Amino acid sequence: LMQLAVPLNFIGFVYREIRQGLTDIEQMFDLLDVNAEVVDKPEAKPLRVSDGAIRFEDVRFSYDEARPILKGISFEVPAGKTVAIVGPSGAGKSTLSRLLYRFYDIQEGRISIDGQDVRDVTQKSLRAAIGMVPQDTVLFNDTIAYNVRYGRVEASEAEIQQAADLAQIGPFIRELPDGFKSMVGERGLKLSGGEKQRVAIARTILKAPPILILDEATSALDTATEQEIQASLDFVSKGRTTLVIAHRLSTVVSADEIIVLKDGVIAERGRHADLLEQKGLYASMWDRQREATQAEEQLKRMREDD
Ligand code: ATP
């Protein structure tokens, strides 16, 4: 067993050092989600973004043949609009965002940005055009400033501070003993899920991509934190084409279109009020969510009264 422990430790060490040395957050996504099958075509050109309109046309996809995940999905995110994807766990919501980012190639159909198939453009240019705010942001073992600067390495100190303020995390950072020079990550300060997400939002504000993918956290945040995060997300998505995997009522209420995904197909689609009126899957999902939130708040009040 001792013999085995040494190389495993070594692999852990190498992995951490590689992670530390990465200069681009999306590169890390690539590392964690390696898929050697996705390669640039020899004639691949850089993506040219004019408006940033996204289009999914009859998209079919499975990770393995035996189990289709998406069975013919068509929708558009017009330039500057926000489309929210909702649906039960395992419905394929995150898969949709991974396909837009081209972590995988689809089996049938077409995914395009401003008319260009994502398979015909270079992956580098595609990923430069898309900003991702994931559910669980991995921070680098470095300073907060360094973590924010990942969005645009040439950003100035002032721009980093401004981005942090817009993401509503600036005041929190300035109160830390070392301010923006505070170390975070495994070997530094442990930030909460909401704080980490705001660092990711600051990073994305700096990157200023024409297209955004937001993956909202499922875990319950307290109301004040949720409102703060919502405000900074609203700011970053303003005027940008946004695909959001939505778990919060506040997001879907304001979305230009809501897509309800179930069993690999679009079960319902429309705006919040229309979908509520239909009294279908969407309506029952949000009834349940509202009950859960109310129960949580009641519990909190009871605890506070104690
Ligand atoms: P949740 O709300 O729970 O995050 P989701 O709707 O985002 O779920 P996806 O993550 O898109 O769901 O997953 C859809 C289905 O694809 C799931 O059944 C999942 O098990 C499967 N799946 C996801 N990633 C892979 C993978 N890399 N290889 C094989 N199957 C996968």
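Here's a quick rundown of the structure. All of these numbers come straight from a predicted model, not from anything done at the bench.

**Let's talk about unusual backbone geometry**
Negative phi is the rule for most residues except glycine; trans is the rule for most peptide bonds.
Piece 1. The residue Asp58 is not glycine, and still its phi comes out positive at about 45°.
Piece 2. Residue position: Asp58 is located in strand β1 (residues 54-61).
Piece 3. Judged by the 13 C-beta atoms lying within 10 Å of it, Asp58 falls in the partly exposed class.
Piece 4. Despite not being glycine, Lys279 has its phi angle at roughly 50°, a positive value.
Piece 5. Among the secondary structure elements, Lys279 is positioned in the loop between α11 (272-278) and α12 (281-305).

**Section: the site of the ligand**
Piece 1. Neighbouring the ligand are the residues Tyr63, Ile69, Gly87, Ser89, Gly90, Ala91, Gly92, Lys93, Ser94 and Thr95.
Piece 2. When its residues are assigned to classes, the shell around the ligand shows 3 nonpolar, 6 polar and 1 charged.

**Some thoughts on the sheet that holds strand β10 (residues 265-270)**
Strands in a sheet are paired, the pairing made by backbone hydrogen bonds, and the direction either parallel or antiparallel.
Piece 1. The mixed open sheet is built from 6 strands, whose spatial order is β6-β7-β8-β3-β9-β10. Edge positions in the sheet fall to β6 (130-133) and β10, since each has one partner strand and no second. Going from strand to strand, the sheet's axes swing by 20° on average, the running direction of each strand aside.
Piece 2. As defined by bridge partners, strand β3 (residues 82-86) adjoins strand β8 (residues 241-245) across 4 bridges and the pair is classed as parallel. Note that in β8 the partner of Thr82 across the bridge is Thr242.

**A short note on the packing of helix α8 (residues 193-207) against helix α9 (residues 223-237)**
Piece 1. It is at 10 Å that the axes of α8 and α9 come closest, and there the two elements cross at 15°. Between α8 and α9, the interaxial angle falls into the category roughly parallel. Relative to α9, α8 is oriented so that their crossing is left-handed. Only Thr225, Ile229, Ser232, Leu233 and Val236 of α9 make contact with α8, whose side of the interface consists of Gly194, Gln197, Arg198, Ile201, Thr204 and Ile205.
Piece 2. Of the residues that constitute the contact of α8 with α9, the class distribution is 5 nonpolar, 5 polar and 1 charged.

About the cut-offs
Residues numbered from 1 in each chain as written. Predicted model: local features only at pLDDT ≥ 70, side-chain atom pairs only at ≥ 80, totals over all residues. Helix = DSSP H or I, 4+ residues; strand = E, 2+ residues; numbered from the N terminus. Buried ≥ 20, exposed ≤ 12 C-beta atoms within 10 Å, placed from the backbone. Near = placed C-beta within 6 Å. Nonpolar A, V, L, I, M, F, W, Y, C, P; charged D, E, K, R; others polar. Pairing = 2+ DSSP bridges. Axes fitted to C-alpha atoms, helices over the stretch in contact; angles between N-to-C directions. Parallel < 35°, antiparallel > 145°, perpendicular 65-115°, else oblique. Left-handed = near helix turned anticlockwise from the far one by under 90°. Contact = placed C-beta atoms within 7 Å.

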